[in-house]
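Now for the letters of each chain:
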Amino acid sequence: EHELVKFQIFYKLKKLGFEVWSEVIFTNKKRADIVSIDLKTGEGYIIEILHTETEKDFQNKVNSYPLDFELFHVKTKDFDIETFEI
């Protein structure tokens, strides 16, 4: 489920014109599920997919990501790509 949701988000963002990468490892060795850049605005986004992880797990990661990116998380349970937006 984790990989399916990641793929759905990756594919949707690519179709919308974003540059997208998955499993990005930062210099501090922390890993993000999806990193994307809106090529129209230059804004960056980090998206975490929560399947077995909890909200607390996500909050523990927040401070380890670059401040230039807006952070999002989605849960695999009941995920609907049609309603996903950043």
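Scroll up to find the structure.
Residues numbered from 1 in each chain as written. Predicted model: local features only at pLDDT ≥ 70, side-chain atom pairs only at ≥ 80, totals over all residues. Heavy atoms only, no water.

A. Structural context of the overall build of the chain. A tally of helices and strands in the chain yields two helices and four strands. Taken from N to C terminus, the helices and strands of the chain fall in the order α-β-β-β-α-β. A compact globule built from 86 residues should have a C-alpha radius of gyration of about 12 Å, and the chain, at 12 Å, falls within 12% of that. Counting only C-alpha atoms, the chain reaches 30 × 30 × 15 Å along its principal axes. Out of the 86 residues in the chain, the part that is buried amounts to 34%. By element, 52% of the accessible surface of the chain is carried by carbon and sulfur atoms, the whole surface being about 5,700 Å². Seen as two clouds, the 12 positive and the 17 negative side-chain charges of the chain have centres 4 Å apart. (Helix = DSSP H or I, 4+ residues; strand = E, 2+ residues; numbered from the N terminus. Rg over C-alpha atoms; globule rule 2.2 N^0.38 Å. Buried < 20%, exposed > 50% of the residue type's maximum accessible area, 1.4 Å probe, protein only. Areas by Shrake-Rupley, 256 points an atom, 1.4 Å probe, with all protein chains shown as cover. Lys, Arg positive; Asp, Glu negative; His and termini not counted. Charge placed at Lys NZ, Arg CZ, Asp CG, Glu CD.)

B. Representation of the pattern of salt bridges in the model. Inspection of the entire model under this criterion finds five salt bridges. The residue Glu23 makes a salt bridge to Arg31 at a minimum N-O spacing of 3.7 Å. You can call Arg31 partly exposed: its relative accessible area is 42%. As a salt-bridge pair, Lys61 and Glu48 come within 3.2 Å of each other at their nearest N and O atoms. Linking Lys61 in helix 2 (residues 55–62) with Glu48 in strand 3 (residues 44–50), this pair joins segments that are 13 residues apart in sequence. (Salt bridge = Lys/Arg side-chain N within 4 Å of Asp/Glu carboxyl O.)

C. Structural detail: the side chain of His2. Residue position: His2 is located in helix 1 (residues 2–15). A distance of 3.5 Å separates polar atoms of two side chains, one belonging to His2 and the other to Glu3. When residues no more than four places from it in sequence are discounted, the contact partners of His2 are Asp33, Ile49, His51 and Thr76. (Polar contact = N/O pair within 3.5 Å; in protein donor to acceptor, adjacent residues only side chain to side chain. Contact = heavy atoms within 4.5 Å.)

D. Spatial organisation of the packing of aromatic side chains. Counted according to the given criterion, the structure contains five aromatic pairs. With a centroid separation of 6.2 Å and an interplanar angle of 55 degrees, the aromatic rings of Phe79 and Phe84 are classed as tilted. (Phe/Tyr/Trp six-rings, centres within 6.5 Å; stacked < 30°, edge-to-face > 60°.)

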